[in-house]
Amino acid sequence: MNKRLLRNILAAFLVLTVIGLLAFLVYRTQAVDSQLHNEQTTALRELRQIDIRLDINVLRSRMGLNNDYDPLSAPVSQIDALCSHLSELLGNDGSTLKSLPELRAVFDQKLRVIDQFKAQNAILRNSLHYVPTVSDEIQLLIRKNAEAGSPALKRLNDMLVRVLNDTLRYNLMPDSATSRQIQISLAQMQRELPLYPEEIAAATQGFINHVHVILRQRAVEIMLMARLGEIPVPSLIEQMGKALDQEFALQMQEIDHYRNYLAIYSAFLLCIVFYFAMRLVSSFRMIARANQQLQEVNEFLEQRVRERTADLRSALEDLKASEAQLIQSEKMASLGQMVAGVAHEINTPLGYVRSSIETLSTQINEKVRHFCQDAQALLNAMYTGRVDEARIAACLSAAHRSSGELKGSFFDDVAAMLRDGLYGIDQIRDMVLNLKNFSRLDRSRVTLFRIEDGIESTLQLARQQIEHLKITKDFGTTTPLRCSPSQINQVFLNIITNAAQAVSPKDGLIRISTWMQDTSHVVIEIADNGKGISSENLKKIFDPFFTTKAIGQGTGLGLSIAYKIIQKHGGQIEVSSREGKGSAFLITLPTEPPSDPEEGEELADGAAA
Amino acid sequence: MNGVFWNFWVPPFLRLCAGILGAAGILTAAMATSNEPIKPLPPNPKIDLRKLRLGERLFNDPRLSADGLVSCASCHNLYGSGGADPRPRSIGAKGVEGTVNAPSVFNAANSFRQFWDGRALTLEDQIGMVVVTPADFGTTWDALLSKLKQDAEISSMFRAIYPDGLSAKNVSDAIASFERTLPAPSRFDRYLQGDASAISDDERKGYEKFKAYGCVACHQGVNVGGNMFQIFGVIGNYFQDRGQPKPADLGRYNVTKNEDDKYVFKVPSLRNVALTAPYFHDGSVPTLEAAVSIMFKYQLGRSASGEDMALIVKFLKTLTAETLEKSMTGNLPGKEPAPLSRGREK
Ligand SMILES: Nc1ncnc2c1ncn2[C@@H]1O[C@H](COP(=O)(O)OP(=O)(O)OP(=O)(O)O)[C@@H](O)[C@H]1O
Ligand SMILES: [Mg+2]
């Protein structure tokens, strides 16, 4: 038992391992998510695009092609969002993830430089825009001025033109020589400022300031552009892309490995499956063979069964025959008992009849013969022709004497004796009639029958057994039954006999009741106050040969026959009993038996036999 | 630019397509968009209406702050002050005074960074910082969330919108979503889109001056600013002239600790600028005219006639969202403010 369990567990474990390994290999061959890889590279590519656009827009702003900085500031949040998205996509993807913070830092650096660039660019553009305006303004003021011809103002005018040209050139192609030259001119202007009229001086101060701003901001711009060029965003993105690709390739390679393993493993599994399939086929074959053998055996067995069935059938027939015999013998036995009773019953009136006929015969022999002899002698004496008076007188007196004997009580006695005889004969005739009624030998077939009549004739027959008992009859008005009367009577006789045997002779009581259960069922109850039946025996009383009575007294067939008869009539027989208190047999019979006439005939035949 | 990259990454066909598309794109863009430095407002994003309701409630909910007295709306007055704070410096929870004047929330969604010093990238980041800054809400997310959790209605609203219910991330998301639907177009947007009658002649002249004097060098793009940093005092030293230096005056330097970033601030958006007095990060200038002249002096390094300045101010007033313009003209006591634009709601 334990060993088997162990084997089962081991087998389950083995199967699980095999499946697990397979699942693992399949998983490993599918683990790489090319979709994910795609998304990662897409995100990187988008970052790269943004970076390129940033570069382009820096250049456009630098060239004055963009007149707002939205294209340089909108990407700030885009970059942030993309980096976050990328870090989500990368999950914990080794080397590429490590460079992501670096990428963020590099972008931050770039954005910081771009912020500086925007500030710087705005100022520079402004000053570049203002410088020619203010120069024109100053020149206009000089021309309008009364002292327009003064050498200071003339110099200012020249310087303005030169510085403006230099500044614009410097803006396009910054070189330190121009810058130095501009610085010198500006310094001179600054020095000569007190020489100019107030209005011109103020404007010139503005001009100087803004040219300074241009020089300063242009230098800053150069520095910022250089810094911007150094920020390694593209190379970093490229590097990350390569790393991603490498990882992907590595994973693909790994998958290839695992795919090979999977192929080998699958082949191995297939072999095993094939092996098992072969074994299965062979075991199927074995099973088929075994099946065939089994079939043969089966056929043989069936043959045997058929033979046995035939045997059994004949045995059953024998049994039935013996049962019929038994029933017959029981009937004979009960008949025997009855015959004893009946003989006793007949014997009594027979005694009457015999003795009265005997007495009658002696009386007639003595007295009637005497009288007849005396009458004969007298007649002879009178008819001889010769009258012998004396003889006639003697004869006459003798005849007178003998006739006197015939007179008086003689005829009364003869009549009484004849009456007694007739009574006895009547009794015997009644007996015979009852017997005939009981067995209905005359009408054995199924017929309409009043239950109460059956009970009466049964009681008559069982008179000898019940004469010392009290019999109570409680008959309802019942519909006559279609039944075999002799059989139903036998049932009553058996039950009444049992009751009579069960009660004590002193205060024995049998109550017989009939009533209609419904329009089609008659109930007969035969109850007694006898010794009752133990609950253990109660189960067996309908069994054939079950008896508690001494050998020779009971055969144990009475109730079993009663049961069978009631059953054949489609009725029911029930018993309730309490030990020491009495028993009650309850018979329910349908007014129309369900059985077909043939069975009824059989019943009748059985009863007749 | 980088041959290896391109060869490696983009199949030749794709590269060709990209090239053609790119060229076509540039051409069509150049032809289609007006060459104005100020761009019209794009449509607001479509956002779940329930989320907007929730965001609006949270925006006005003082429970977000430590003492339960300060809400987003306390310093971003949506109805009177164009989403900004009329006080020079905002007062946070428990009366802690802030260091700068709260800028407008109306077009914050279109700014490239948040705060004067640009220390937050997104609106969500900005909200997260406001929650913990003592001069703002001065609380913690845990405290804030546990307070909100007691409100069954708010909790159930969160559960209805977000699978994970009430959380710091979702509170930020709801408020930011609300804020993203605040931008509303102005008359000037209509002008940019070709409706020449949307602004008056003076206003158009003011716009020309705005461009000619170079204001537009920094105040450009969709938000008329808000997309770059600039030093305050390109020419001349504003802080020296103002006096009383404060740490907040260092601007972006406080974030980057980079010498170059000293006195550098985010160029504020000029949308609704007529409503958002007082001006500048220090809230030191109460009128638009004064602010414009300071800009001329320290940023442009030049002066302009009073007439030109007046025209520029006139132009600046066309940048007020039309919804707010109406609420301003009808801003009589007891009158309900006009409903705010919400973008296209779902
Ligand atoms: N009314 C009754 N009171 C007590 N016991 C009964 C009664 N009727 C039947 N029995 C018990 O049932 C047994 C079987 O009865 P059954 O009539 O079949 O056989 P029997 O009377 O013993 O023999 P017989 O064949 O002569 O009738 C009896 O031996 C008796 O023990
Ligand atoms: Mg019996």
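Residues numbered from 1 in each chain as written. Chains lettered and ligands numbered in written order. Predicted model: local features only at pLDDT ≥ 70, side-chain atom pairs only at ≥ 80, totals over all residues.

(A) How the structure looks around the overall build of chain A. Helix and strand counts for chain A stand at 17 helices and seven strands. Relative to its 609 residues, chain A shows a buried fraction of 27%. Counted over contacts in chain A with a minimum sequence separation of 6, partners at least 24 positions apart contribute 75%. (Helix = DSSP H or I, 4+ residues; strand = E, 2+ residues; numbered from the N terminus. Buried ≥ 20, exposed ≤ 12 C-beta atoms within 10 Å, placed from the backbone. Contact = placed C-beta atoms within 7 Å.)

(B) Broad picture of the overall build of chain B. When you go through chain B residue by residue, the secondary structure sums to 15 helices and two strands. Scored against the burial criterion, the 346 residues of chain B give a buried share of 44%. Across chain B, every contact between residues at least 6 apart in sequence was considered, and the portion connecting residues at least 24 apart equals 66%.

(C) Spotlight on the site of ligand 1. Residues and elements named next belong to chain A. Around ligand 1 lies a shell of 23 residues, among which N498, A502, T547, G554 and G558 are the nearest. When contributions to the shell around ligand 1 are tallied by element, the ones reaching two or more residues are helix 14 (485-502) and helix 16 (558-568). Among the elements that line the shell around ligand 1, the one with the most residues is helix 14, at four residues. Among the residues making up the shell around ligand 1, the classes are represented as seven nonpolar, 12 polar and four charged. (Near = placed C-beta within 6 Å. Nonpolar A, V, L, I, M, F, W, Y, C, P; charged D, E, K, R; others polar.)

(D) Focus on the sheet that holds strand 6 (residues 572-578) of chain A. Residue and element names in this part refer to chain A. With respect to topology, five strands assemble into an open sheet ordered 2-4-5-7-6, the strand pairing being mixed. Looking at the sheet topology across the chains shown, the edges are occupied by strand 2 (470-475) and strand 6. The mean angle between the axes of side-by-side strands here comes to 15°, regardless of whether they run parallel or antiparallel. Where strand 4 (residues 509-518) meets strand 5 (residues 521-528), eight bridges bridge the pair, whose relative direction is antiparallel. Each bridged residue has a counterpart across the sheet, and for M516 the counterpart in strand 5 is V522. Set on the sheet, helix 12 (residues 451-461) makes contact with strand 2, strand 4 and strand 5; between it and strand 4 the angle comes to about 165°. (Pairing = 2+ DSSP bridges. Axes fitted to C-alpha atoms, helices over the stretch in contact; angles between N-to-C directions.)

(E) Representation of the packing of helix 3 (residues 49-59) of chain B against helix 8 (residues 168-180) of chain B within the structure. All names here are of chain B. For the pair helix 3 and helix 8, interaxial distance at closest approach is 7 Å and the crossing angle is 100°. Viewed along their axes, helix 3 and helix 8 adopt a mutual orientation that is roughly perpendicular. Across the interface between the two elements, K51, L52, L54, G55, E56, L58 and F59 of helix 3 pack against V171, A174, I175, S177 and F178 of helix 8. Taken together, the residues that form the contact of helix 3 with helix 8 break down as eight nonpolar, two polar and two charged. (Parallel < 35°, antiparallel > 145°, perpendicular 65-115°, else oblique.)

(F) A look at the environment of V523 of chain A. All names here are of chain A. Within the secondary structure layout, V523 lies in strand 5. Along the sequence, V523 and L589 sit 66 residues apart, while their C-alpha atoms lie 6.3 Å from each other. If we skip the residues at most four places from it in the chain, V523 touches T514, W515, Q517, L586, I587 and T588.

(G) Molecular detail of the pairing of strand 2 of chain A. Residues and elements named next belong to chain A. Strand 2 sits mainly on the outside: zero of its six residues count as buried. Note that strand 2 and strand 4 share six bridges and pair parallel. When the bridges of strand 4 are listed, K473 appears paired with I512.

(H) Layout of the interface of chain B and chain A. Facing the 31 residues of chain B at the interface are 28 residues of chain A. When contributions to the side of chain B that touches chain A are tallied by element, the ones reaching two or more residues are helix 1 (3-9) and strand 1 (229-231) of chain B. Of all the elements, helix 1 of chain B adds the most residues to the side of chain B that touches chain A, at four residues. Of the residues assigned to the side of chain B that touches chain A, the class counts are 18 nonpolar, nine polar and four charged.

(I) Expanded view of the environment of I364 of chain A. All names here are of chain A. Structurally, I364 can be placed in helix 9 (residues 233-383). I364 gets classed as partly exposed once you count the C-beta atoms within 10 Å, which come to 13. With 46 residues separating them in the primary sequence, I364 and F410 have C-alpha atoms 9.5 Å apart.

(J) Quick look at the packing of helix 5 (residues 123-132) of chain B against helix 8 of chain B. Residues and elements named next belong to chain B. At a closest axis distance of 9 Å, the pairing of helix 5 and helix 8 adopts a crossing angle of 120°. Judged on the interaxial angle alone, helix 8 and helix 5 are oblique. Classified by chirality, the crossing of helix 8 by helix 5 is right-handed. Contacts between helix 5 and helix 8 involve L123, E124, I127 and G128 from the first element and S172, D173, I175, A176 and E179 from the second. When grouped by side-chain class, the residues that make up the contact of helix 5 with helix 8 number four nonpolar, two polar and three charged. (Left-handed = near helix turned anticlockwise from the far one by under 90°.)

(K) Quick look at the confidence of the model for chain B. Residue and element names in this part refer to chain B. Looking at chain B as a whole, the pLDDT averages 85, with 84% of positions reaching at least 70. The model gives residues 1-14 a pLDDT under 50, and that stretch makes 14 contacts with residues more than four places away or in other chains. In the predicted structure, residues 329-346 sits below a pLDDT of 50 and forms 28 contacts with residues beyond four places in sequence or in another chain. Listed scores for the predicted complex are pTM 0.58 and ipTM 0.83. (pLDDT = per-residue confidence, 0-100.)

(L) Main features of helix 2 (residues 34-63) of chain A. All names here are of chain A. Taking 1.5 Å per residue, 30 residues should reach 44 Å; helix 2 reaches 43 Å between its end C-alpha atoms and fits that length. Looking only at helix 2, the buried set comprises Q40, L44, L47, R48, D51, L54, N57, V58 and S61. Following helix 2 by one or two positions, G64 has its phi on the positive side, about 80°. (Expected span 1.5 Å × (residues − 1).)

(M) Quick look at the nonpolar core. Ranked by internal contacts, the top residues of the largest apolar core, which has 89 residues, are V211 of chain A together with I312 and L316 of chain B. Considering each element in turn, this core owes the most residues, 16 residues, to helix 5 (residues 94-144) of chain A. With near-sequence residues (within four places) excluded, L316 of chain B lies in contact with L270, V273, A274 and L288 of chain B. Judged by nonpolar contacts, the second largest core, of 36 residues, contains C483, I495, A499 and V522 of chain A. (Core = buried A, V, L, I, M, F, W, Y, C linked by C-beta atoms within 7 Å.)

(N) Up close: unusual backbone geometry. Residue and element names in this part refer to chain B. In this model, A277 is joined to P278 through a cis peptide bond whose omega is -5°. Residues other than glycine seldom take positive phi values, yet V224 does so here, at roughly 50°. Along the polypeptide, V224 turns up in the loop between helix 10 (201-212) and strand 1. Classification of V224 as buried rests on a count of 29 C-beta atoms within 10 Å.

(O) Region of the structure containing the confidence of the model for chain A. On average, residues of chain A carry a pLDDT of 84, and 90% of them reach 70 or more. Segment residues 596-609 of chain A is flagged for pLDDT under 50; beyond a separation of four residues in sequence, or across chains, it makes 21 contacts in the model.

(P) Broad picture of the pairing of strand 5 of chain A. Residues and elements named next belong to chain A. Where strand 4 hands over to strand 5, the hairpin turn is made up of two residues, counted between the paired strands. Taken together, the eight bridges between strand 5 and strand 7 (residues 582-590) define a ladder with antiparallel strand orientation. Paired with V523 across the two strands is T588, which belongs to strand 7.

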